[in-house]
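Inside the fold
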Amino acid sequence: MHSHSDLKLADIDSHTLKGWLHDGGEIALLDVREHGQYGESHLFYAAPVPFSRLEADIARLAPRRDVRVVVYDEGGDDDVAARAATALRALGYTRVYCLAGGIAQWQRDGYAAFAGVNVPSKTFGELAEEVFHTPRISAAELAERQRRGDDLIVLDGRPYTEYQKMSIPGGICCPNGELALRAHTLARDPNTTIVINCAGRTRSIIGAQTLINLGVPNPVYALENGTQGWYLADFKLDHGASRRYDDAVAAADLPDLAQRSAGLARRHGVPEVNAAQVREWLNDASRSTFLCDVRSAEEFARGSLPGAQHTPGGQLVQATDQYLAVRGARIVVFDGEGVRAPVVASWLRQMGWDASVLREGVAADLQAPVAPAAEPALTVLDDAALAAALAQGAQLVDIRSSMRYRAQHIDGARWSVRPRFADLALDPARPLVLLADERALAAWAAADLRALGVRDVKANLGTPAGWAAAGLALAATPAEPADADCIDYLFFVHDRHDGNKAAARQYLAWETNLVKQIDARERAAYRFPAG
């Protein structure tokens, strides 16, 4: 273990960090607090990499071991950044720094902190609306036009799971990344008005502007404030709708669609690169290169390129920080037909990313890059073995999300989050079983518990249904853990979908205000077309 004096050598101050963020070099700025803490307030360019997920996610988010990494926490007596720095060094990261004094010192030094999630992407959406004057339609006007029976189609630009939670009546799920390929089959008549919606604002704006940028002949509008705007205007939302685009696209349509997308990419200075060039980049130890497959989940599941991650096109623009944490990295996007990737790349370039399109797409000949770090050994018990261990007196620690624990957990299991294990009064002599959703998270958490002196740690990756079937008693505790302890959950973003109008209004006010909060250097990092 590193001592604190050891770590102090790698501390940097706020002013140094601010300079690094704009010096053009690669940097991974990691907020290593839990998701709820991050969502309350964080640095503009920070990627959310909670300590409880750090080792499981870091190889995907920052694959190059000698990239500049800066970690930060709350400041004060919070030591999670120091622990994260130690963990990263153990994984082979060689240039790891801690922000001295954490986010508290950053703010004392006069720099802004931002609430919410996907902030650079959402700020981009607000700026895009200003720059392009994206046409919008209010909920009241859309409802009236639907009532009149106007020739109109509503396309929902979010992933299917989000669409199913709540949608505009009559809306069809067509995620933003699919619009370039599928909108023409959904609205065959050029006179049909197309309205794009999402939950709030960003994907409505980017989706509508995508079709406009592509030059579709139809009238196109963004639904102002998305499903939240609809709900705030007292219109009823659908829940559990299942309308979605048809997978088939006529092969005869592809050449024209690809040509249209290529034209858009050229106008935004998107380079096309071949597999040989990308192989060279992947072998270049001085730069990070991310391979991003922008196709649908079904296509990705049927096979992709080695080392590529699934980054559905609309989501890659909407939530770039969930797929890559290295500012200044190269992004290579690809698809299977040459229609979707150029459009996604055109947006990424405008967001300030060094994005290219892979010419051969999913058929490219690429080798597998380096594998992620091996996780610690872990014994996983099935539900019957868990029941037996419990009968023998094992202690249970549940590290699933706080909301899942509240909804249903094994009676007697204690909830905790990995940075707070030291607060649990554990009996080191008794066996302990971790209840988790993911094997990797359990493996790294178990290593922490062993470091705290608990000798016998195993895991179970079961579900409440399985536990009940194995005869284990379940409990629900809607108020436990207390809200203040649910540092993994961001109430501000989630409550707006639970019938809470005040939360929805607060959220939309937050989103539209982002542009006023950024400074000149953050604004200048976006690259909108001149004119």
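Residues numbered from 1 in each chain as written. Predicted model: local features only at pLDDT ≥ 70, side-chain atom pairs only at ≥ 80, totals over all residues. Heavy atoms only, no water.

In the annotation of an unreviewed UniProt entry, the entry for the protein reads Thiosulfate sulfurtransferase GlpE, and the organism field reads Achromobacter insuavis.

A word on the environment of D13
As a reminder of what qualifies: Note on conventions: DSSP H or I runs of at least 4 residues are helices, E runs of at least 2 residues are strands, and numbering of each starts at the N terminus. Only protein chains enter the accessibility calculation, which uses a 1.4 Å probe; a residue whose area is less than 20% of its type maximum is buried, one above 50% is exposed, and one in between is partly exposed. What qualifies as a polar contact is a pair of N or O atoms within 3.5 Å, subject to a donor-acceptor requirement within protein and to the restriction that residues adjacent in sequence count only when both atoms come from side chains.
With respect to the element layout, D13 can be found in the loop between β1 (11–12) and α2 (14–21). We classify D13 as partly exposed; its relative accessible area is 38%. Between the C-alpha atom of D13 and that of D109, which follows or precedes it by 96 residues, the distance is 9.3 Å. Separated by 3.2 Å, the side chain of D13 and the backbone nitrogen of H15 make a polar contact.

Things to note about the pairing of strand β15 (residues 330–334)
Our working definition: We call two strands paired when DSSP finds no fewer than two bridges between them.
Judged by how many residues are buried, β15 sits mostly within the fold: five of five residues are covered. Burial of β15 is two-sided: the residues R330, V332 and F334 facing one way and the residues I331 and V333 facing the other way are all buried. When strand β12 (residues 289–293) meets β15, the two strands line up parallel, connected through five bridges. Note that in β15 the partner of F290 across the bridge is I331. With four bridges joining them, β15 and strand β16 (residues 354–358) adopt parallel strand pairing. Residue pairing for β16: V332 is matched across the bridge by S356.

Details of the packing of aromatic side chains
To be explicit about the condition: We call Phe, Tyr and Trp rings a pair once their centres come within 6.5 Å, taking the six-membered ring for Trp, and we label the pair stacked below 30 degrees between planes, edge-to-face above 60, and tilted otherwise. The rule for a charge over a ring is simple: NZ of Lys or CZ of Arg within 6 Å of the ring centre, and within 35 degrees of the ring normal.
According to the stated counting rule, one finds twelve aromatic pairs in the structure shown. Residues W230 and F235 carry aromatic rings whose centres are separated by 4.9 Å and whose planes lie at 40 degrees to one another, so their mutual orientation is tilted. Overall, W230 belongs to the buried group, its relative accessible area being 3%. By way of ring pairs, the aromatic residues F124, F132, W347, Y526 and F528 are connected into one cluster. In this structure, R244 packs its charged tip against the face of Y245, placed 4.6 Å from the ring centre.

Structural notes on the sheet that holds β15
By definition, the strands of a sheet pair up through backbone hydrogen bonds, in either a parallel or an antiparallel sense. What counts is decided by this rule: Residues count as neighbours in contact if any of their non-hydrogen atoms are within 4.5 Å of one another. Axis angles are defined between N-to-C directions and span 0 to 180 degrees, where every axis is a line fitted to C-alpha atoms and, for a helix, only to the segment in contact.
Taken in spatial order, the five strands of this open sheet run β11-β16-β15-β12-β13, and their pairing is parallel. Where the open sheet ends on each side, the last strands, each with one partner, are β11 (272–273) and β13 (309–310). Here β11 pairs with β16 via two bridges, running parallel. In the sheet register, E272 faces β16, and the bridge partner there is V357. Contacting β15 and β16, helix α17 (residues 340–350) runs over the sheet at an angle of about 170 degrees to β16.

Description of the packing of helix α13 (residues 254–267) against α17
Basically, it comes down to this: Any angle that falls under 35 degrees is termed roughly parallel, while one over 145 is termed roughly antiparallel, one within 65 to 115 roughly perpendicular, and all others oblique. Handedness of a crossing follows from how the near helix is turned relative to the far one, being left-handed for an anticlockwise turn of less than a right angle and right-handed for a clockwise one. Only Asp, Glu, Lys and Arg are considered charged in this grouping, and only Ala, Val, Leu, Ile, Met, Phe, Trp, Tyr, Cys and Pro are considered nonpolar; every other residue, Gly among them, is considered polar.
Interhelical geometry of α13 versus α17 gives an angle of 20 degrees and a closest axis separation of 8 Å. Here α13 is positioned roughly parallel relative to α17, judged by the angle of their axes. For the pair α13 and α17, the crossing hand works out as left-handed. In this structure, α13 uses S261, A262, L264 and A265 to contact α17, whose residues at the interface are P342, V343 and S346. Residues that form the contact of α13 with α17 fall into these classes: five nonpolar, two polar and no charged.

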